[in-house]
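Spelled out from the first residue to the last, the chains are:
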Amino acid sequence: MSLAVKKIDNILTEQVGNGSCPSVAEAEQELISVLAQRDIDRGIAQGRVDIKNGDFREMTLESNAQFIDNLAKKILPKTSK
């Protein structure tokens, strides 16, 4: 078990032990929410930097259709065109 996993286990146990969360499952969900929000915020910040630096592509019907088609091929490789 890695050091990070041990520390996370300790944090979750402390959250339940000090009454911040009623269960380990709820403490896990809270941690997941915080980490997901941080990831989203980081992505938004990077997107803003990219736009400021001119590193973006315009969203058009064609580019969106191409993006969705490529995504479908990655997600559903056996059923896509």
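As the structure is a prediction and not an experimental result, all values here were calculated from the model.

Q: Before we go on, may I ask you to explain the pattern of salt bridges in this structure?
A: Opposite charge on two side chains permits them to pair, given that their charged atoms come into close proximity. Summed over all chains, the structure comprises 2 salt bridges. The closest approach of N and O atoms between Asp39 and Arg42, which form a salt bridge, is 3.8 Å. Of this pair, Asp39 and Arg42 both sit in helix α2 (residues 24-52), 3 residues apart, roughly one helical turn. On the accessibility criterion, Arg42 (54% relative accessible area) is exposed. Salt-bridge contacts for Asp69 lead to Lys73; the nearest nitrogen and oxygen are separated by 3.4 Å. With Asp69 and Lys73 both in helix α3 (residues 61-75) and 4 residues apart, the pair spans about one turn of that helix.

Q: Just checking my understanding: could you explain α2 for this structure?
A: Each α-helix turn comprises 3.6 residues. Residues three or four places apart therefore point the same way. In this model, α2 (29 residues) spans 42 Å end to end at C-alpha, consistent with the 42 Å of a helix rising 1.5 Å per residue. Directly after α2, the chain includes Gly54, whose backbone phi takes a positive value near 75°.

Q: Would you explain the packing of helix α1 (residues 3-17) against α2 in this entry?
A: If you want to describe how two helices pack, look at the angle between their axes and the distance between the axes. In contact at an axis separation of 9 Å, α1 and α2 are set at 120° when each is read in the N-to-C sense. Taken together, the axes of α1 and α2 are oblique relative to one another. Handedness of the crossing formed by α1 with α2: right-handed. Of the residues in α2, those in contact with Ile8, Leu12, Gln15 and Val16 of α1 are Val24, Ala27, Glu28, Glu30 and Leu31.

Calculation criteria
- Residues numbered from 1 in each chain as written.
- Predicted model: local features only at pLDDT ≥ 70, side-chain atom pairs only at ≥ 80, totals over all residues.
- Heavy atoms only, no water.
- Salt bridge = Lys/Arg side-chain N within 4 Å of Asp/Glu carboxyl O.
- Helix = DSSP H or I, 4+ residues; strand = E, 2+ residues; numbered from the N terminus.
- Buried < 20%, exposed > 50% of the residue type's maximum accessible area, 1.4 Å probe, protein only.
- Expected span 1.5 Å × (residues − 1).
- Axes fitted to C-alpha atoms, helices over the stretch in contact; angles between N-to-C directions.
- Parallel < 35°, antiparallel > 145°, perpendicular 65-115°, else oblique.
- Left-handed = near helix turned anticlockwise from the far one by under 90°.
- Contact = heavy atoms within 4.5 Å.

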